[in-house]
Amino acid sequence: MKKLKVLFVSSELSPFIKTGGLADVAGALPKELKKLVHDVRVVMPQYSQIPSKYIQNLEHLIHFRTRVVWRNEYVGVNKLDNKGIITYFIDNKSYFHRDNIYENEDKYLQFAYFCRAVLEMLPKINFKADIIHCNDWHTGPLSIMLKDNYQKYNFYKDIKTVYTIHNLRYQGVFSRRILEDVLGIDHKYWDLGVIEHDNCINYMKMGIEASDLITTVSNTYAKEIKTAEYGEGLDYVMRMNGDDLYGILNGISYKDNDPAVDNRIYSNYDIDNLEGKYENKIKLQEEMGLPQKADIPVIGLISRLVDQKGLDLIALVIDELMQEDIQLVMLGTGSFKYEEMFKEMSRLYPNKVAANIKYDATLAQKIYAGSDMFLMPSKFEPCGLGQLFSLRYGTIPIVRETGGLKDTIQSYNEVNGEGNGFSFTHYNEKDMLYTIKRAISFYYKREVWRKMVENAMKNDFSWTNSAERYIELYNKLLTD
Ligand code: ADP
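Anyway, here's the lowdown on the structure attached to this text. Sequence positions are assigned chain by chain, starting from 1 and proceeding in written order. Selection of residues for local features in this predicted model requires a pLDDT of at least 70, selection of side-chain atom pairs for listing and counting requires 80 or more, and totals for whole chains, interfaces and linings are taken over all residues. Based on all heavy atoms of the structure, the side-chain values leave hydrogens and waters out of the count.

Some words on the sheet that holds strand β9 (residues 196-197)
To summarise the sheet geometry, strands pair through backbone hydrogen bonds and adopt either a parallel or an antiparallel arrangement. Here, any two strands with at least 2 DSSP bridges between them count as paired. Helix and strand definitions follow DSSP, with helices as H or I runs of at least four residues and strands as E runs of at least two, each counted in order from the N terminus. With respect to topology, three strands assemble into an open sheet ordered β8-β10-β9, the strand pairing being antiparallel. Where the open sheet ends on each side, the last strands, each with one partner, are β8 (173-174) and β9. In this sheet, strand β10 (residues 200-202) lies alongside β8 in antiparallel orientation, the contact comprising two bridges. Its bridge partner lying in β10, Phe174 is registered against Ile201. In this analysis, two residues are considered to be in contact whenever any of their non-hydrogen atoms come within 4.5 Å of each other. Axes here refer to lines fitted to C-alpha atoms; in helices the fit is confined to the stretch in contact. Angles between the N-to-C directions go from 0 to 180 degrees. Contacts from helix α8 (residues 203-210) reach β8, β9 and β10, with the element oriented near 55 degrees to β10.

Examining the sheet that holds strand β11 (residues 213-216)
Strand order in the open sheet made by the nine strands is β3-β4-β5-β2-β1-β6-β7-β11-β12, with mixed pairing throughout. Each edge of the sheet is formed by a strand with only one pairing partner; in this case those strands are β3 (59-68) and β12 (245-247). Taken pair by pair, the neighbouring strands of this sheet meet at an average axis angle of 25 degrees, ignoring direction. Sheet analysis places strand β6 (residues 131-135) next to strand β7 (residues 160-165), joined by five bridges and oriented parallel. The residue of β7 that forms the bridge with Cys134 is Tyr163. Running at roughly 140 degrees to β7, helix α19 (residues 464-479) makes contact with β1 (5-9), β6, β7, β11 and β12 of the sheet.

Thoughts on the layout of surface pockets
Think of a 1 Å grid over just the protein atoms. A cavity is a set of points where a 1.4 Å probe fits yet cannot get out, a pocket is an open set with protein on both sides within 12 Å along at least five of seven lines, and lining residues have an atom within 4 Å of a point. Grid points are joined across faces, edges and corners, and a volume is the space filled by probe spheres set on the points. The computed volume of the second largest pocket comes to approximately 260 Å³. Taken together, 13 residues line the second largest pocket, and the ones lying closest to its centre are Lys31, Glu32, Lys35, Ser253 and Lys255. Here the lining of the second largest pocket takes four residues from helix α1 (residues 21-35), the largest share from any one element. Under this grouping Gly is polar, as are all residues other than the nonpolar Ala, Val, Leu, Ile, Met, Phe, Trp, Tyr, Cys and Pro and the charged Asp, Glu, Lys and Arg. Looking at side-chain class alone, the lining of the second largest pocket contains four nonpolar, three polar and six charged residues.

Side note on the pairing of β6
The buried label applies to any residue whose accessible area, calculated with a 1.4 Å probe on protein chains only, is under 20% of its type's maximum; exposed applies above 50%, and partly exposed to all values in between. Counting buried residues in β6 gives five out of five residues, a clear majority hidden from the surface. Residue alternation in β6 divides its side chains into two sets, Ile131, His133 and Asn135 and Ile132 and Cys134, and both sets are buried. Direction of pairing for β1 relative to β6: parallel, over a ladder of four bridges. The residue bridging Val6 from the neighbouring strand is Ile131, located in β6. After leaving β6, the chain enters helix α5 (residues 141-150) and then returns to the sheet as β7, a path that is right-handed. Handedness is read with the strands pointing away from the viewer; a crossover is right-handed when the path from the first strand over the helix to the second is clockwise.

Quick notes on the site of the ligand
Close to the ligand lie 21 residues; Gly21, Arg304, Lys309, Lys358 and Tyr368 are nearest. Here a polar contact is recorded for every N or O atom pair within 3.5 Å, except that within protein the pair must consist of a potential hydrogen donor and a potential acceptor, and residues adjacent in sequence are included only if both atoms are side-chain atoms. In this structure, Lys358 approaches the ligand through a main-chain N or O atom, which is 2.9 Å from a nitrogen atom. One of the backbone nitrogen or oxygen atoms of Gly386 is found 3.4 Å away from an oxygen atom of the ligand. Computed with a 1.4 Å probe, the accessible areas rest on the Shrake-Rupley method; for each residue, only the protein chains presented here act as cover. When the ligand sits alone it has 560 Å² of accessible area, and the protein chains cover 91% of it. Every element with two or more residues in the shell around the ligand is listed here: α1, β13 (298-305), β14 (327-334), α14 (361-370) and α15 (386-392). Distances are taken per atom, and a residue is near a molecule or strand as soon as one of its heavy atoms is within 4 Å of it.

A word on the packing of helix α17 (residues 429-443) against helix α18 (residues 446-458)
Between two packed helices, the angle of one axis relative to the other and the distance separating the axes together describe the packing. Remark: α17 packs on α18, axes separated minimally by 7 Å, with the N-to-C direction vectors making an angle of 110 degrees. Overall, the two elements α17 and α18 adopt an arrangement that is roughly perpendicular. Two secondary-structure elements touch here, α17 through Ala439, Phe442 and Tyr443 and α18 through Arg446, Val448 and Trp449. Considering only residue class, the contact of α17 with α18 consists of five nonpolar, no polar and one charged. Throughout this description, any angle smaller than 35 degrees is read as roughly parallel, any larger than 145 degrees as roughly antiparallel, any in the 65 to 115 degree range as roughly perpendicular, and the remainder as oblique.

Some thoughts on the nonpolar core
As a rule of thumb, soluble globular proteins bury nonpolar side chains together. Side-chain atoms within 4.5 Å link the members of a nonpolar core, which is a set of buried Ala, Val, Leu, Ile, Met, Phe, Trp, Tyr and Cys residues. Among the nonpolar cores identified, the biggest contains 101 residues, and Leu7, Ile90, Met121, Leu183, Ile195, Tyr203 and Ile208 are the most heavily contacted of them. If we ignore the near neighbours within four places in the chain, the residues touching Met121 are Leu7, Val43, Phe64, Val77, Tyr88 and Ile90. Counting 70 residues, the second-largest nonpolar core is a separate cluster that includes Leu305, Met322, Phe342 and Ala369.

Side note on the packing of aromatic side chains
Only the six-membered ring of Trp is used, alongside the rings of Phe and Tyr, when aromatic pairs are assigned; centres must lie within 6.5 Å, and planes under 30 degrees apart are stacked while those over 60 apart are edge-to-face, with the rest tilted. All told, the structure shown has 26 aromatic pairs when counted by the stated rule. An angle of 15 degrees between the planes, with centres 6.3 Å apart, marks the rings of Phe422 and Trp449 as stacked. Of the two residues, Phe422 sits in strand β18 (residues 422-424) while Trp449 sits in helix α18, which places them 27 residues apart along the sequence. This pair shows no difference in class: Phe422 is buried, exactly as Trp449 is. One cation-aromatic arrangement involves Lys124 over Phe64; the distance from NZ or CZ to the ring centre is 4.6 Å. We call a charge positioned above a ring when the Lys NZ or Arg CZ atom is no farther than 6 Å from the ring centre and deviates by at most 35 degrees from the ring normal. One residue, Lys128, lies across the ring of Phe155, its end atom 5.8 Å from the ring centre.

Set out below in structure tokens:
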């Protein structure tokens, strides 16, 4: 098999900067692809928020100027060996040294610049990629720029593009005027309907329409986004491009998330020695200021606090939920109403609810390890990683059956003892509450619960299978 050269393009990348699951994927998938003996490199913007311990180790490779329509812009390319993966950082302080990485008024310009800088960098660093793998709306313009502006040149002519949708909700929607002023691509694409949706420029649609192949992060989400209910207004685009759309489930790094050696958690454990898990629970209760009781089920919740995550269902049943003998440990930031909701819950029920309104990767790990259950009642969930981390740490997910949650969590079946979690179908607070209560009732059946924890820990949602599927798709593209 030919050794492939792949450039993975992402707006966030763990461990350098992370707001959600995309960073986990961009941090882990390239490593797995590389294990299959391919030359996989990654590129991201050099934000000012990247910790200095990484920045000080960057090697400056080159710098040049590029035209972003009428602007003549500086592009610095810096490089770091990230545990074997060559990672390039696109450096331009006026674009990427901002207070916030995404919420800027000129984000259309930031990411148009990023896409162009990535394309222009390739011949200059002499990396002739076979595949450029783009992710989410920030990289949507890259394929169309490649086709319209660059493929006339020999260096670029054979490059194929893959575009992965991690979340169709965030589309990058901007005024039509940026077509002339920012993107620098031919007007015909507007007329052809390739880049326009609702009379606006849509970066997500661009990526879908102009890339050679599209993937999304679970089979169920691949089906769902072809429907009006989940298609975020672009379901017609998904249906039209349906033949080129593949669902490949995300994985997580089983090496970097291993309860047997993880030094972020209180105590290590594995499937044959679950005592350590219960030590994590007691220590978590202590750190959270909750009563330290081994026999009260602890429910973890780690999430961006946005409507997608089903938090309004919790709002509707707070008092009933709090009648149960449970503890809820939540960690998350996001919309004001949900931050206030959890703060209020912890004020009203200080012995039952610990609200951690912040971003804290170490505490996240402690919650995955120290909880008995993990709640994820999402309205939609392209793949979801929280439930996968939970399984890895022997924590039983309670989820709504949507997207990747449906593809990874099998609801407990008391007849044959199979299942790695609890789930409900309809987006409805009563069904959620019933399912939480069902989980609690099995929690007290010690043998059943132990079996479920074992089932969860025996699951394999590492990247191995999914990485192979990506390679298959890359090869298919290059031979078609
Ligand atoms: P999404 O990408 O929609 O945010 P995922 O479940 O795919 O959802 O991924 C979320 C990732 O972000 C997980 O790794 C989760 O542990 C992490 N995460 C979310 N909120 C926080 C937080 N406040 N602190 C630490 N990690 C968080």
